[in-house]
Amino acid sequence: MANSQPIISMYDQPMWESIRAHGWKLQQCDDCSSFRYPPAPNCPHCLSMSSTWKALSGKGKIISWVIFHKQYFDNFPTPYNSVAVQLDEGPIVISNLVGEEPQGSWIGREVEICYGEDSAIGTVPKVRLSK
Amino acid sequence: MTTARNLSKVGAVIGVGQSDYVSDHARVLAGDKPHDSYGYAAIAFNKALADAGIERDEIDGLIVGPTIAYERTGEILGINPRWGSQADAMLAVIEACMAIQTGMAEVVALVYGNDQRSAAIQYGGPEAMGGNMFLSYVYHAPWGFTSQGALYAMMFRRFMEVTGCTEAQLGEVAVAQRLAASLNPHALMRKTITIEQYMASRYICEPLHLFDYCLINDGGVALIIAEAGRAKKMAEKAATRKKPVLVHGVGRYDLNRGATSLEPRLLDFYRPAQEACAEQVFNMAGVEHKDIDAVQIYDSFSCHVPLALEGYGYCRSGDVGRFMQEDGISLKGKLPVNTGGGHLSETYMQGWNHQVEAVRQVRGECGARQVEDCRFVHYNSDVAGKAVSIIYGT
């Protein structure tokens, strides 16, 4: 087994810098205002090459979740969850829910971004239930 | 939408072949390595050639599966084709028909081999990490989310929420396919299971259980597809030859927008692609759902089945849980699905074994698992953004 590592293309680097600074930013298209995830050379909606890195509001909703019972990575002992969160800005991101877990269905629960430290990766954005 | 130009009854499958999944698997589990991917491909090719009853030199087209190199496979099989390509199972069938229709080839060999078990290929975890150029889900590695199973577990969790389908209803897939496998001498897992056993099996990535995951084994599959007119003449000339199985229709529609952030999966369950694909394939084949005698569905994970049954219109939207439980998808049910046991119980040959099963069902060669009066078999797959459909028939 080994540790999991992020895929960092040249477009991802500014995003991970913003995550390390605890202020997750994504590219917002200068022409159509849509947010881009994963970071990319152009806007998939209008193909504009022009964008500005903007801090996320930090809010979103869970749209699905899973619990891993098989271990794939040293830095992810089981059981652990992964959640799909639709950010208020539009994109869907995969994250881990930390802290209190909802009873019953997690879908539709409001979450906010927080930051965790992974021994192998460094700072990683996570989510927790909104108060 | 635009209508695909007609590929109906352009190509016919005249031969199928496969390696011995069962004995090779036993040898691999015992620590042996019977063949590599090329070896399995060669075995399957030779059997398909014998099944077709043609000489190797009649072949003028070659399509090779994604696991082996095109040029090297051609070299090993000694084929200099007029036309060649590399493609997965479903696209290989479509490309063969396209090559035949355009006159680029007349008799096309489709060849696949994979030593995934003996080579200890992992489809999740650290070894999947090199896949970022073509498998977008490894992008989520910082959150421990890289396996294919997790992707489908995430999709199915939301599907359950939206439709009310339950885990026990999903279990109908594993139970039905194990029943089919129990009647298939080529199947690796032949002991039937119950819903209770399914529910008691451990989770791998919850909500998916062990029995929702495909097998990982070594093997090879080959098909030979000939221009339909020539196939008919070949069969008439040698009365001992098997009846050609026609490709009546094909369809394809892909969803790539938002792929890495799982939008087409989580928000649409690939439904728009499946509907577009269904429209193409049924229109081209000129048949309706009621004419389909058996369905084969690419099932790397069991949940492909309910998603496809709704997406391709075999039941009403939101009704698939009840459909699987009450109407039934086993050989004893209303709509037999994955009649050989599929990837869950027969063999994981990345969709290739489903083509062979479809052909054999239409030929009436399936023995104890034969669907009565089987005239049309519909194959479909929804993998990595691509929705592909094929209707085989008499």
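Analysis parameters
Residue numbers run consecutively from 1 along every chain, following the written order of its sequence. Both sets of labels track the order of writing: A upward for chains, 1 upward for ligands. In view of the model being predicted, local features appear only for residues whose pLDDT reaches at least 70, and side-chain atom pairs are presented and counted only at 80 or more, with totals across whole chains, interfaces and linings using the full set of residues. Remark: hydrogens and water are excluded; side-chain values derive from all non-hydrogen atoms of the structure. Only DSSP runs of H or I with at least four residues qualify as helices, and only runs of E with at least two residues qualify as strands; both kinds are numbered from the N terminus onward. Atoms counted for the radius of gyration: C-alpha only. Globule rule: 2.2 Å times the number of residues to the power 0.38. Here the term buried applies to any residue with accessible area under 20% of the maximum for its type, exposed to any over 50%, and partly exposed to those in between, with areas from a 1.4 Å probe on protein chains only. Reported accessibility uses the Shrake-Rupley method at a 1.4 Å probe radius. Residues are deemed covered only where the shown protein chains occlude them. Under the counting rule used here, the positive set is Lys and Arg, the negative set is Asp and Glu, and His together with the chain ends is not counted. Taken as the charge location is NZ of Lys, CZ of Arg, CG of Asp or CD of Glu. We define a salt bridge as a side-chain nitrogen of Lys or Arg found within 4 Å of a carboxyl oxygen belonging to Asp or Glu. For two strands to pair, DSSP has to find at least two bridges joining them. Between N-to-C directions, angles cover 0 to 180 degrees, with each direction set by a line fitted to C-alpha atoms, over the stretch in contact for helices. We call two residues in contact when some of their heavy atoms are within 4.5 Å. Classification remark: right-handed applies to a crossover when, strands pointing away from the viewer, the course from the first strand over the helix to the second runs clockwise. The predictor's confidence in any single residue is recorded as pLDDT, a number from 0 to 100. We define buried area as the total accessible area lost by two parts upon association, computed with a 1.4 Å probe and summed across both.

**Student:** Quick rundown of the overall build of chain A? Include the residues and the values.
**Tutor:** Secondary structure summary: chain A contains one helix and eight strands in total. The C-alpha radius of gyration of chain A comes to 15 Å, within 12% of the 14 Å expected for a compact globule of 131 residues. For the C-alpha atoms alone, the extent of chain A along its principal axes is close to 45 × 35 × 25 Å. The buried share of chain A, taken over its 131 residues, is 50%. A total accessible area of about 6,200 Å² is found for chain A, and carbon and sulfur atoms account for 48% of it. Once the 11 positive and 13 negative side-chain charges of chain A are each reduced to a mean point, those two points are 2 Å apart.

**Student:** An account of the pattern of salt bridges is requested, with residue identities and associated values reported.
**Tutor:** Residues and elements named next belong to chain B. Inspection of the entire model under this criterion finds 22 salt bridges over all chains. Between R363 and E365 there is a salt bridge, and its shortest N-O distance comes to 3.2 Å. Judged by its relative accessible area of 17%, R363 falls in the buried class. Within the structure, one salt-bridge network assembled from shared partners comprises R316, D319, R322, E326, D327 and K334.

**Student:** Provide a residue-level description of the sheet that holds strand 9 (residues 294-297) of chain B, including the pertinent values.
**Tutor:** All names here are of chain B. With mixed pairing, the nine strands of this open sheet are ordered in space as 3-2-4-7-1-8-11-10-9. Of all the strands in the sheet, the pair left with one neighbour each is strand 3 (83-86) and strand 9. Sheet twist, expressed as the mean angle between neighbouring strand axes with direction ignored, is 25°. Taken together, the four bridges between strand 2 (residues 61-64) and strand 4 (residues 107-114) define a ladder with parallel strand orientation. Bridging across to strand 4, V64 finds its partner in V111. Relative to strand 2, helix 3 (residues 70-77) is tilted by about 125°, and along the sheet it contacts strand 2, strand 3 and strand 4.

**Student:** Outline the pairing of strand 2 of chain B, supporting the account with residue identities and numerical values.
**Tutor:** Side chains on a regular strand alternate between the two faces of the sheet. Residues and elements named next belong to chain B. Here strand 2 shows a buried face lined by G61 and I63 and a second buried face lined by L62 and V64. In this structure, strand 2 lies alongside strand 3, joined through four bridges in parallel fashion. Bridging across to strand 3, I63 finds its partner in S85. The β-α-β motif built from strand 2, the intervening helix 3 and the parallel element strand 3 has right-handed crossover chirality.

**Student:** Which residues make up the sheet that holds strand 1 (residues 25-29) of chain A, and what values do they have?
**Tutor:** Pairing is antiparallel in the open sheet, where three strands are placed in the order 2-1-3 (chain A). Unpaired on one side and paired on the other, strand 2 (35-36) and strand 3 (51-55) of chain A mark the two borders of the sheet.

**Student:** So what's going on with the confidence of the model for chain B? Residues and values would help.
**Tutor:** Detailed reading of predicted coordinates is not advised where the pLDDT is low. For chain B, per-residue confidence averages 94 on the pLDDT scale, and 96% of positions sit at 70 or higher. At the level of chain-chain contacts, confidence expressed as ipTM amounts to 0.97, with global pTM at 0.95.

**Student:** So, the interface of chain B and chain A: which residues are in play, and what are the values?
**Tutor:** Across the boundary between the two partners, chain B contributes 32 residues, which contact 37 residues of chain A. Between chain B and chain A the total buried area reaches about 3,000 Å² when both faces are included, carbon and sulfur atoms providing 67% of it. Among the residues chain B hides against chain A, the three largest losses belong to Y139(B), P142(B) and W143(B). Together they make up 26% of the total. Put simply, chain B and chain A have zero salt bridges between them.

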